[in-house]
Amino acid sequence: LYRSILSGWLSFVQQDQTYSYALLIPPVAIALAFLKIQGVGWKQFLADTKGAPIGYLLIAAGCLLLLLGREALLLFVMRFSFLVVLAGVLLASLGWRNLKRLAFPVCLLLFAIPLPATVYLPLSARLQLVSSTLAGHGLDLLSVPALRQGNIIVLPNASLEVAQACSGIHSLFALTATATLAAYLLVEGRRLAQTLIVLSAIPISIIFNALRIIVT
């Protein structure tokens, strides 16, 4: 059912540098699921395997999303429907308790789905402006003569454009996925600490991107 969609996703993330990290997400999710089952114990895991019929409704909902995504030509919806169907299959075959244990590996796969252009482009443009502004302020602090005009930093002998590729959106996605994984592995069960670790990826990626522009 998802052969063409998954092959298309693979080709896309191999070509788009923004989502090149997404190639690592599925094997990491599988490894986390395996470690979780090992932690519980295979015997206990199998003992808790009691399929829930409501999982078939979730599968049907995922298939409906797939049809809607195909009709509307929305790749994000079609790819997201794969996760819904996957969760439905796990629920129907393994039951609620085991699905809860595997919830994080399944949710981690969200980071492998490229955002729709209606979200990606405005976000990238906003990050371009933020990075340009911070870089301009940084150059002022270093007493480097520079004038910022939108996303262009005018220097005495050249003009530096903060293009979309330099917006920092690449590192933002990769760092957020890494921070989410770190929060799960390092401070499991401490919700506040996990939230702070994940949110820290946003200012870190923005500040380091501004520093990169300043150095350039």
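Our subject in this report is the structure included herewith. (Residues numbered from 1 in each chain as written. Predicted model: local features only at pLDDT ≥ 70, side-chain atom pairs only at ≥ 80, totals over all residues. Heavy atoms only, no water.)

### A few points about the environment of Ser93
So, step 1. Tracing the chain through its elements places Ser93 in helix H5 (residues 75-94).
So, step 2. Take Ser93: its relative accessible area is 38%, and that puts it in the partly exposed class.
So, step 3. A sequence separation of 12 residues divides Ser93 from Pro105, and the C-alpha atoms of the two residues are 17 Å apart. (Helix = DSSP H or I, 4+ residues; strand = E, 2+ residues; numbered from the N terminus. Buried < 20%, exposed > 50% of the residue type's maximum accessible area, 1.4 Å probe, protein only.)

### Observations concerning helix H9 (residues 169-186)
So, step 1. Taking 1.5 Å per residue, 18 residues should reach 26 Å; H9 reaches 25 Å between its end C-alpha atoms and fits that length.
So, step 2. Where H9 is buried, its residues meet helix H2 (25-40), helix H7 (103-108), helix H8 (117-141) and helix H10 (191-215). (Expected span 1.5 Å × (residues − 1). Contact = heavy atoms within 4.5 Å.)

### Remarks on the packing of helix H4 (residues 54-72) against H5
When two helices pack together, you describe them by how their axes are tilted relative to each other and by the distance separating the axes.
So, step 1. Put simply, H4 and H5 touch, their axes get as near as 7 Å, and they point 170 degrees apart. When the interaxial angle is binned, H4 and H5 end up roughly antiparallel. For the element pair H4 and H5, the recorded crossing hand is left-handed. Contacts from Ile54, Gly55, Tyr56, Leu58, Ile59, Ala61, Gly62, Cys63, Leu65, Leu66, Gly69 and Arg70 in H4 reach Val77, Met78, Phe80, Ser81, Val84, Val85, Ala87, Gly88, Val89, Leu91 and Ala92 in H5.
So, step 2. Counted by class, the contact of H4 with H5 contains 17 nonpolar, 5 polar and 1 charged residues. (Axes fitted to C-alpha atoms, helices over the stretch in contact; angles between N-to-C directions. Parallel < 35°, antiparallel > 145°, perpendicular 65-115°, else oblique. Left-handed = near helix turned anticlockwise from the far one by under 90°. Nonpolar A, V, L, I, M, F, W, Y, C, P; charged D, E, K, R; others polar.)

### Looking at the packing of helix H1 (residues 3-15) against H5
So, step 1. Where H1 meets H5, the closest approach of the two axes is 10 Å, and the angle between their N-to-C directions is 115 degrees. The handedness of the crossing between H1 and H5 is left-handed. For the pair H1 and H5, contact is made by Ile5, Leu6, Gly8, Trp9 and Phe12 and by Met78, Arg79 and Phe82, respectively.
So, step 2. In terms of residue class, the contact of H1 with H5 is built from 6 nonpolar, 1 polar and 1 charged.

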